[in-house]
Amino acid sequence: DGIRDIGVTGVQTCALPIFLNGASIEIVPYAISDSSSVVHLSGKNSNRHISIEPGYDSTIVNSKRLDDLVNTLDLDPISLLKIDVEGYTDKVLENADICLKRTENAIVEFSILDLTERFEGKRNLVENNVSDVFQKLKNYLPFVYYMSRSAGLVQIERSELLEIIQVEAMVGDFLFTTEPKNSISIEIFLLRRIRELQYENHLRILHLRDLEEKMRY
């Protein structure tokens, strides 16, 4: 049947699934949420978000749980599951056990900034959410890697996830997979990153000294 992928992207508990089967792409007209019902979306274009009550600019969209969508489309196996939902991955995964059992690879965004906004700065809630999402994915896809733009795949454990996100601008994509991949260790990655930051700081210092010299004249 070719490659079968699902991309889930959107704002808050709503997501737009994109189903890729071989060379064809199908955009499925459902929001992915923690229940199969309807949701009200407000805003424009990619900035739409779920409204508690319908407003003048809201649009009613049918919502589905991820497992219901997977069964409806008869997706098995799923080569890749991509989730980027602005800090609401737990809602997408709340009814996704069937989907995860069929998934071979998942790329999931973790955003500390979005989670901090969602939980109003309560760090313990942010850390608990990250831990719960990480563990649910790892139960089905045991090999986990940070996808670094500069270093490639970095193998990690749960305790290192927050640390690595904070090093990389508070947001990052992580690969969860059923098979081990070629990667580097977290220790090597952090050492390289520290050296990069030291070099960047050195260049800033040189730039500031150059500005000071110019200001003297």
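Residues numbered from 1 in each chain as written. Predicted model: local features only at pLDDT ≥ 70, side-chain atom pairs only at ≥ 80, totals over all residues. Heavy atoms only, no water.

Draft legend 1. Quick look at unusual backbone geometry. With an omega dihedral of 0°, the bond running from Asp76 to Pro77 counts as a cis peptide bond. Within the fold, Pro77 resides in the loop between helix 1 (66-73) and strand 8 (80-84). In the Ramachandran plot, Glu120 falls in the positive-phi region, its phi being about 55° despite a non-glycine side chain. Following the sequence through the fold, Glu120 ends up in the loop between helix 4 (112-118) and helix 5 (123-140). Using a relative accessible area of 64% as the deciding quantity, one classes Glu120 as exposed. (Helix = DSSP H or I, 4+ residues; strand = E, 2+ residues; numbered from the N terminus. Buried < 20%, exposed > 50% of the residue type's maximum accessible area, 1.4 Å probe, protein only.)

Draft legend 2. Highlighting the pattern of salt bridges. Counted under the stated rule, the structure contains six salt bridges. Residue Arg118 is joined to Asp90 by a salt bridge in which the shortest nitrogen-to-oxygen separation is 2.7 Å. Taken together, the residues span a long stretch of sequence, with Arg118 in helix 4 and Asp90 in helix 2 (residues 89-93) at a distance of 28 residues. We note a salt bridge from Lys136 to Asp97, for which the minimum N-O separation is 3.7 Å. Within this pair, whereas Lys136 is found in helix 5, its partner Asp97 is found in helix 3 (residues 97-102), the two being separated by 39 residues in sequence. (Salt bridge = Lys/Arg side-chain N within 4 Å of Asp/Glu carboxyl O.)

Draft legend 3. View of the environment of Pro180. Take Pro180: it is sitting in the loop between strand 12 (171-177) and helix 7 (186-216). Once the C-alpha coordinates of Pro180 and Gln155 are considered, the two residues, 25 residues apart in sequence, prove to be 9.3 Å apart. Apart from the residues lying within four places of it in its own chain, the contact partners of Pro180 are Phe143 and Tyr145. (Contact = heavy atoms within 4.5 Å.)

Draft legend 4. Representation of the pairing of strand 12 in the model. Judged by how many residues are buried, strand 12 sits mostly within the fold: five of seven residues are covered. Across seven bridges, the pairing between strand 9 (residues 105-111) and strand 12 is antiparallel. From the neighbouring strand, Phe110 faces strand 12, where its bridge partner is Gly172. The pairing of strand 10 (residues 143-148) with strand 12 spans four bridges and is classified as antiparallel. Each bridged residue has a counterpart across the sheet, and for Tyr146 the counterpart in strand 12 is Phe174. (Pairing = 2+ DSSP bridges.)

Draft legend 5. Structural detail: the nonpolar core. Counting 43 residues, the largest nonpolar core has Phe110, Ile156, Ile164, Phe174, Phe176 and Phe189 as the members making the most contacts within it. Here the element with the most residues in this core is helix 5; it accounts for five residues. (Core = buried A, V, L, I, M, F, W, Y, C linked by side-chain atoms within 4.5 Å.)

Draft legend 6. Structural context of the packing of aromatic side chains. Applying the stated criterion to the full structure yields five aromatic pairs. Seen in terms of ring centroids, Phe110 and Phe174 are 5.4 Å apart; in terms of plane orientation they differ by 90°. Their pairing is edge-to-face. In this pair, Phe110 sits in strand 9 while Phe174 sits in strand 12, placing the two residues 64 residues apart along the sequence. In this pair, the class of Phe110 matches that of Phe174, namely buried. Ring pairing ties together the aromatic residues Phe110, Phe134, Tyr146, Phe174, Phe176 and Phe189, which thus form one cluster. (Phe/Tyr/Trp six-rings, centres within 6.5 Å; stacked < 30°, edge-to-face > 60°.)

Draft legend 7. Representation of a nonpolar patch on the surface within the structure. A surface patch of nonpolar side chains, about 290 Å² in accessible area, is lined by Tyr199, Leu203 and Leu206. The topology assignment puts Tyr199 in helix 7. Tyr199 sits in the exposed class, given a relative accessible area of 52%. (Patch = residues over 30% accessible without salt bridge, like charges linked within 9 Å, V, L, I, M, F, W, Y side chains within 5 Å. Areas by Shrake-Rupley, 256 points an atom, 1.4 Å probe, with all protein chains shown as cover.)

Draft legend 8. Representation of helix 7 in the model. The end-to-end C-alpha separation of helix 7 is 45 Å, in line with the 45 Å expected for 31 residues at 1.5 Å each. By the burial criterion, the buried members of helix 7 are Ile186, Phe189, Leu190 and Arg193. (Expected span 1.5 Å × (residues − 1).)

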